There are 2 protein chains.
Amino acid sequence: MDFMKPETVLELGNIRSALVRMEDTIVFDLIERSQFYSSPSVYEKNKYNIPNFDGTFLEWALLQLEVAHSQIRRYEAPDEVPFFPDQLKKPILPPINYPKILASYSDEINVNSEIMKFYVEEIVPKVSCKQGDQRENLGSASTCDIECLQAISRRIHFGKFVAEAKYQSDKPLYIKLILNKDVEGIENSITNSAVEQKILERLVIKAKSYGVDPTLFQSKIEPEVIAKLYKDWIIPLTKKVEIDYLLRRLEDEDPEIVEKHRQ
Amino acid sequence: MDFMKPETVLELGNIRSALVRMEDTIVFDLIERSQFYSSPSVYEKNKYNIPNFDGTFLEWALLQLEVAHSQIRRYEAPDEVPFFPDQLKKPILPPINYPKILASYSDEINVNSEIMKFYVEEIVPKVSCKQGDQRENLGSASTCDIECLQAISRRIHFGKFVAEAKYQSDKPLYIKLILNKDVEGIENSITNSAVEQKILERLVIKAKSYGVDPTLFQSKIEPEVIAKLYKDWIIPLTKKVEIDYLLRRLEDEDPEIVEKHRQ
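Residues numbered from 1 in each chain as written. Chains lettered and ligands numbered in written order. Predicted model: local features only at pLDDT ≥ 70, side-chain atom pairs only at ≥ 80, totals over all residues. Heavy atoms only, no water.

1. A closer look at the packing of helix α2 (residues 12-33) of chain A against helix α5 (residues 138-157) of chain A
Residue and element names in this part refer to chain A.
Right, so step 1: Where α2 contacts α5, the two axes come as close as 9 Å, and the packing angle between them is 160°. Considering the angle they form, α2 stands roughly antiparallel to α5. Like other packed secondary-structure pairs, α2 and α5 cross with a definite hand, here left-handed. When α2 is examined against α5, the residues L19, M22, T25, I26, D29, L30, E32 and R33 are found in contact with a partner set consisting of A141, C144, D145, E147, C148, A151, I152, R154 and R155.
Right, so step 2: For the contact of α2 with α5, the per-class residue count stands at 9 nonpolar, 1 polar and 7 charged. (Axes fitted to C-alpha atoms, helices over the stretch in contact; angles between N-to-C directions. Helix = DSSP H or I, 4+ residues; strand = E, 2+ residues; numbered from the N terminus. Parallel < 35°, antiparallel > 145°, perpendicular 65-115°, else oblique. Left-handed = near helix turned anticlockwise from the far one by under 90°. Contact = heavy atoms within 4.5 Å. Nonpolar A, V, L, I, M, F, W, Y, C, P; charged D, E, K, R; others polar.)

2. Observations regarding the packing of aromatic side chains
Right, so step 1: A full pass over the atoms with the stated rule returns 15 aromatic pairs over all chains.
Right, so step 2: Ring plane angle 15° and centroid distance 4.0 Å describe the contact between A:F28 and B:F28, whose orientation is recorded as stacked. Taken together, the residues A:F28 in helix α2 and B:F28 in helix α2 (residues 12-33) connect one chain to another. For the residue pair A:F28 and B:F28, the accessibility class agrees, reading buried in each case.
Right, so step 3: Considering the side-chain rings of B:F158 and B:F161, the 4.8 Å spacing of their centres and the 50° angle between planes classify their relative orientation as tilted. The residues B:F158 and B:F161 share a single accessibility class, namely buried.
Right, so step 4: Three or more aromatic residues link up through ring pairs in this structure, and these residues are A:F3, A:Y98, A:F158 and A:F161. (Phe/Tyr/Trp six-rings, centres within 6.5 Å; stacked < 30°, edge-to-face > 60°. Buried < 20%, exposed > 50% of the residue type's maximum accessible area, 1.4 Å probe, protein only.)

3. Considerations on the layout of surface pockets
All names here are of chain A.
Right, so step 1: Its boundaries defined by the atoms lining it, the second largest pocket holds a volume of some 650 Å³.
Right, so step 2: Considering the residues around the second largest pocket, the lining is formed by 28 residues, among which R16, L19, V195, E196 and I199 are closest to the centre.
Right, so step 3: Counting residues per element, the ones that place at least two in the lining of the second largest pocket are α2, α6 (159-169), α9 (193-211) and α10 (223-247).
Right, so step 4: When its residues are assigned to classes, the lining of the second largest pocket shows 12 nonpolar, 6 polar and 10 charged. (1 Å grid on protein atoms, 1.4 Å probe; cavity = no way out; pocket = protein on both sides within 12 Å on 5 of 7 lines; lining within 4 Å. Points joined across faces, edges and corners; volume = space filled by probe spheres on them.)

4. What about the interface of chain B and chain A?
Right, so step 1: Contact residues are listed per partner, giving 49 residues for chain B and 49 residues for chain A.
Right, so step 2: Carbon and sulfur atoms make up 61% of the area that chain B and chain A hide from each other, which totals about 4,000 Å².
Right, so step 3: Where chain B touches chain A, the interface holds 6 salt bridges.
Right, so step 4: Between B:R21 and A:E32 there is a salt bridge whose closest N-O contact spans 2.9 Å.
Right, so step 5: Between chain B and chain A we count 15 residue pairs in polar contact (both at pLDDT 80 or more) in total.
Right, so step 6: No other element matches helix α3 (residues 57-71) of chain B, which puts 8 residues into the side of chain B that touches chain A.
Right, so step 7: Tallied by class, residues from the side of chain B that touches chain A come to 25 nonpolar, 12 polar and 12 charged. (Buried area = accessible area lost by both parts, 1.4 Å probe. Salt bridge = Lys/Arg side-chain N within 4 Å of Asp/Glu carboxyl O. Polar contact = N/O pair within 3.5 Å; in protein donor to acceptor, adjacent residues only side chain to side chain.)

Below is the structure:
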């Protein structure tokens, strides 16, 4: 995705290719996580005595990484959404000045706390090789968790680009739906059940292909777990992002254009 | 690998399984890196004005991560070797107290500067999707680089476990070779050309299996590049680690046992 060329970013074909490629990353990351125990102590608030920190071990480790990555401009990119937006540092590199692609309030659409919750409660127990703690691998497990969380977060918040592309492609329709606060209408307009079904089928194929050692025929992960993760969490939360984004879209629209559609 | 049970760590079957699993991680990480440009400015010394730092952008980013991970005990683990051992912080968690598995000088066997050199000079240009810089992806490229470097480093330094296992399995042979400083003899004793050939064949199969989207049939990486990386760099440097480790092994041996073999 070349964010320096806004016109290409909002082509639905390009967005779809990016989403398909992200599936591979998510599958890879979950396979890597599956090497380790579920490690519940990593997700228990203040289980470890970390100085000046109130939260879980995973949150602490993720915060360290976000602080480091904020300095190398990660969160300037329109497709990167931090878990701790209030605790980042200024980049040590000159700013990139991305052209405007998304609405100005876009950074405020952030479902990372929901992602953290379902990931820890629903995904970790299902992908881990065993339940329980393995003390010397808590760091490795949380490092994998961070990769998974960041990849899932990027995938879900990519809904903003989908939403913006749809808005641009049919302003009259969306302005009307938004003015009427017609959440159901918006949801219907962004839902394509056939595409969703295809995603789930593709994920099972990918999980089988990447998750089985082709020389040992040993499976590292259950393909259905990954499909279910998409079905129950990633797809619905992506829709939430799209709807939340669209519901506020008129904040960033020319008032005259809005007025024209009000009648 | 359960480092709390030293007797299982030094079983060659377990070491081999761990090495085979690491191939998957390395292949995954290189596939992820292949999404980005070669990004030469990331590897150019002092290209960016980073305050209080003398080195490349990649080195700076890697150092930030190592400092964070040192606090969560990453470098206490006997299979993790830092690139910046002198700049780490103390863990914020209680120490794990791993049982002794490797010789006491083991941390001094560190070929990470050689790994950094061949990775940057030989691997990056071959796996990147395009040559040149893409300014807004320098952070993403270096984040992938860090994953690749850490996975390759872990794989190569695992040679220490191979070396220790071989030493334990035939002390009389190795003590004699070491006393005679017989580098060639040591190299011959740790080399198995049939196994090496099999690794290369397996890598091509894995790179094809993981590197091709099974629903699009698009290849993300050239399988031969990964096999060549192992052939030219990973296997030879692993041997170097094994030999360096063995050449010093008597520093950590009972002098009486050494004496007995001197005659």
